[in-house]
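Spelled out, the chains give:
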Amino acid sequence: MKRLLLLLITISLLLAPLPVQAAEPAEIPGNSSGQGGAGFVPSDAPEITGSSGIVMDMDTGDILYEKDCHRKAAPASTTKLLTAILAVDHLTPSDTTTVLDGALYNILPDAVTIALTPGEVMSVEDLLYAMLLPSANDAANVLAMAVSGTLPNFTTEMNKTAEALGCKDTHFTNANGLPDDNHYTTAYDMALIAREAYSRSRIRDIIRTEVYWIPATNLFEERELWTTNYLLYDVTDVYYELCTGGKTGYTEEAGYTMVAFAEQDGRRLVSVVFQCPTSDDRFRDASALLDFGLKSYHQIRPMEGFQLTQDTGEKGTILDNYYARLPHSLPEFSVDTSISLTARTTVSGEDIEKKATFYPSRTGSTVGEVTLSYQGKELAKIPITSNRSSMAEEFAHLQPEEKYEKGSGTEQAPKKTDILKSVLKDSLPMLIISLVLCILLCFTTIIVVHFRRKRRVNITRYFGDGPVPAVDPEAVAEIEERKRVREALRKLEDSGEEDPAKAERKAEKKAAYEDDGIEDSGEKAPRKASDPDAASATEDDLEDTGIRRPAKPAGKKAPAKESTDDLVDEG
């Protein structure tokens, strides 16, 4: 029986759930870490008394700690940081404004004020000090009316500005944070508002001030203002030397709230705590969170010294995978190495894993990305750019044997159709150029053949179809001269004029008959038989001289008159 009872007890202990301590998150926190419901609370983070809180890096937006940072809560007078943003953006510090009756409406008797009076004139800068140091509610309303004319109009601008800053769970109904069921925000949204306020130098100078004197106005004497942020006073127990300003808040419904800023070694943090039990609790919670963020985290530059072509011999690894087999010049790649991350102090830049991935196709000059991860958790992606932004889809054919499909998360062998399309896309410009060159070559060949055929036709016209004789320059000149003379004689015949050479010969013959010796003797010169003019002599002339005309030989005809063509052939 005892054994049976012992066995039952052992089984019940084994089946009972045992408490398990949560493991330290194996990640470097970023903006996404603050979106979960459980929150991001490292094991070495301080415990806070507030119901919600957050620590944010103002330069990177990284969340270093958060506790229910998206739970809605009443912000109390931390609301005045958003009022200060709108006042600085719309008003000039040196401008003056007059207090109206509407500015003092709905302010509770026990609420903090500086006793502003209707008709009192005060500068915008003095009102800002009054609103941010002692948290004067009447000063906040006067600034709101100076910006928008009415308080409802101002709250509308407040909600628009909060939405523009990324606030998702915020709605304001007044400029000072006095209790209202519809006036709420979250620690995360308030961190976004505080981060924006700290970016204004005017606000930054005011919230780090311990004491300020407002000079006498037309209706009131000089006022002395002290900040409610005890983190700035070195005489208090909650003094925090790294604090550079902040804004407190309190209502019975909201409890004690606090927004605090701190800087160290170029890093700037903001902490927000809501619904703390006591005033000192909010100061201790805020300073503890700021100190944790500054001491437990640091900025690292994981891309320092990173190169895409890490030497592994003559060529880099990426060049071996993608470009070693290509005959053209290689493009130049670049990646931003100045990126910084907020990491725990135990993590260095060398601990960050880096993986370069090239896209199958490109978008503009972006050809891939470098993925940063830590212990399997992806941190960031940095684009890889190329100097060849005009080469569309250059990397489609530059992949190795296995092609990575973006978004699928798997690798598979490329299809033959994809390879063919890739080759056609890359070869299309060369194909077009080759086609144009072929067309020009064909056109030139046709022209050359045409002119050679025409020359052959002209040669055949003079020499027939036989072989073309060798060309003698003198013979060609002689032929040309004959053609010229023939053409000249034809023109003379057509015009009816006498050949100048023939006329000259006639003149010479006539001169021979008119010789003076013959005329003096009274004899007539005998006529030559060959003279063509002898036919004109009469028989009476022959009888007088005693000479008879010789008989013509039989069977012999007189020579025919020379034709023009014969003269031309004789030159």
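Because the structure is a prediction, the values reported are computed rather than measured.

Conventions used here
Residues numbered from 1 in each chain as written. Predicted model: local features only at pLDDT ≥ 70, side-chain atom pairs only at ≥ 80, totals over all residues. Heavy atoms only, no water. Phe/Tyr/Trp six-rings, centres within 6.5 Å; stacked < 30°, edge-to-face > 60°. Helix = DSSP H or I, 4+ residues; strand = E, 2+ residues; numbered from the N terminus. Buried < 20%, exposed > 50% of the residue type's maximum accessible area, 1.4 Å probe, protein only. Pairing = 2+ DSSP bridges. Axes fitted to C-alpha atoms, helices over the stretch in contact; angles between N-to-C directions. Salt bridge = Lys/Arg side-chain N within 4 Å of Asp/Glu carboxyl O. Parallel < 35°, antiparallel > 145°, perpendicular 65-115°, else oblique. Left-handed = near helix turned anticlockwise from the far one by under 90°. Contact = heavy atoms within 4.5 Å. Nonpolar A, V, L, I, M, F, W, Y, C, P; charged D, E, K, R; others polar. Patch = residues over 30% accessible without salt bridge, like charges linked within 9 Å, V, L, I, M, F, W, Y side chains within 5 Å. Areas by Shrake-Rupley, 256 points an atom, 1.4 Å probe, with all protein chains shown as cover. Lys, Arg positive; Asp, Glu negative; His and termini not counted. Charge placed at Lys NZ, Arg CZ, Asp CG, Glu CD. Expected span 1.5 Å × (residues − 1). Polar contact = N/O pair within 3.5 Å; in protein donor to acceptor, adjacent residues only side chain to side chain. pLDDT = per-residue confidence, 0-100.

## A word on the packing of aromatic side chains
For any two aromatic rings, the description comes down to two numbers: the centre-to-centre distance and the angle of the planes.
Okay, step 1: Under the defined criterion, the tally for this structure stands at seven aromatic pairs.
Okay, step 2: Here tyrosine 129 and tyrosine 212 contribute two aromatic rings whose centre-to-centre distance is 3.7 Å and whose plane-to-plane angle is 5°, an arrangement assigned as stacked. Here tyrosine 129 is found in helix H3 (residues 124-132), whereas its partner tyrosine 212 is found in strand S5 (residues 211-214), with 83 residues between them in sequence.
Okay, step 3: Note on tyrosine 212: relative accessible area 18%, which makes it buried.
Okay, step 4: Aromatic side chains tyrosine 198 and phenylalanine 261 sit 4.5 Å apart centroid to centroid with 25° between the ring planes, which places their arrangement in the stacked category. In this pair, tyrosine 198 is assigned in helix H6 (residues 187-198) and phenylalanine 261 in strand S8 (residues 255-264), connecting sequence segments 63 residues apart. A single burial state applies to tyrosine 198 and to phenylalanine 261, both of which are buried.

## Some points on the sheet that holds S8
Okay, step 1: Across the sheet, five strands lie side by side as S2-S1-S9-S8-S7; this open sheet has antiparallel pairing. Whereas interior strands pair on both sides, the edge strands pair on one side only; in this sheet they are strand S2 (63-67) and strand S7 (243-251). With strand direction ignored, the average angle separating the axes of adjacent strands in the sheet is 10°.
Okay, step 2: Here S8 runs beside strand S9 (residues 267-276); their pairing, made up of eight bridges, is antiparallel. Bridge pairing in S9 links alanine 262 to leucine 269.

## So, the pattern of salt bridges
Okay, step 1: Counting across every chain of the model gives 11 salt bridges.
Okay, step 2: Aspartate 89 is paired through a salt bridge with arginine 200; the nearest N and O atoms lie 2.7 Å apart. With aspartate 89 in helix H2 (residues 80-90) and arginine 200 in the loop between H6 and helix H7 (201-207), this pair connects stretches of sequence that are 111 residues apart.
Okay, step 3: Given the relative accessible area of 42%, aspartate 89 is considered partly exposed.
Okay, step 4: The class for arginine 200 is buried, based on a relative accessible area of 17%.
Okay, step 5: Across the pair aspartate 291 and lysine 295 runs a salt bridge, and its minimum N-O distance is 3.1 Å.

## Points about the packing of H2 against helix H4 (residues 137-148)
Okay, step 1: The contact between H2 and H4 brings their axes to 10 Å, and the two run at 40°. The pairing of H2 with H4 is recorded here as oblique in orientation. Handedness of the H2/H4 crossing: left-handed. Facing H2, whose interface residues are Lys80, Thr83, Leu86, Ala87 and His90, H4 presents Asn137, Ala140, Leu143 and Val147.
Okay, step 2: Of the residues contributing to the contact of H2 with H4, the split by class is five nonpolar, three polar and one charged.

## Details of a negative patch on the surface
Okay, step 1: On the surface, a cluster of negative charge is contributed by Asp180, Asp181, Glu252 and Glu253.
Okay, step 2: Along the chain, aspartate 181 falls in the loop between helix H5 (151-164) and H6.
Okay, step 3: Note on aspartate 181: relative accessible area 76%, which makes it exposed.

## Points about H5
Okay, step 1: Taking 1.5 Å of rise per residue, 14 residues should cover 20 Å, and H5 covers 20 Å from first to last C-alpha, within 8% of that figure.
Okay, step 2: Structurally, H5 contributes buried residues whose contacts are with H2 and H4.
Okay, step 3: Remark: glycine 166 follows H5 within two positions and exhibits a positive phi of approximately 105°.

## Concerning the pairing of strand S6 (residues 223-226)
Okay, step 1: Alternating residues of S6 divide into Arg223 and Leu225, all buried, and Glu224 and Trp226, none buried.
Okay, step 2: Bridge count between S5 and S6: four bridges; the pairing is antiparallel. When the sheet's bridge partners are listed, tryptophan 213 is paired in S6 with glutamate 224.

## Description of the packing of H2 against H3
Okay, step 1: Running from N to C, H2 and H3 point in directions that differ by 170°, and their axes come no closer than 10 Å. One finds that H2 runs roughly antiparallel with respect to H3. Residues Lys80, Thr83, Ala84, Ala87 and Val88 of H2 touch H3, and the partners they reach there are Leu128, Met131 and Leu132.
Okay, step 2: In terms of residue class, the contact of H2 with H3 is made up of six nonpolar, one polar and one charged.

## Some words on the side chain of threonine 251
Okay, step 1: Here threonine 251 is to be found in strand S7.
Okay, step 2: Within the structure, the side chain of threonine 251 is placed 3.0 Å from the backbone nitrogen of alanine 254, a separation counted as a polar contact.
Okay, step 3: If near-sequence neighbours (up to four positions away) are discounted, threonine 251 is found in contact with Ala76, Gly177 and Pro179.

## A word on the confidence of the model for the chain
Okay, step 1: Chain-level statistics for the chain give a pLDDT mean of 77 and a share of 66% at 70 or above.
Okay, step 2: Across residues 310-317 the pLDDT falls below 50, and counting only partners more than four positions away or on other chains, this stretch makes eight contacts in the model.
Okay, step 3: In the predicted structure, residues 390-411 sits below a pLDDT of 50 and forms 50 contacts with residues beyond four places in sequence or in another chain.

## Topic: the environment of arginine 208
Okay, step 1: Looking at where arginine 208 falls in the secondary structure, it is placed in the loop between H7 and S5.
Okay, step 2: Taking the C-alpha atoms as reference, arginine 208 lies 9.4 Å from phenylalanine 261; in sequence the two are 53 residues apart.
Okay, step 3: Leave out the neighbours within four places in its chain, and arginine 208 touches Tyr198, Leu232, Thr244 and Gly245.
Okay, step 4: Side-chain polar atoms of arginine 208 contact the backbone oxygen of arginine 204, separated by 3.3 Å.

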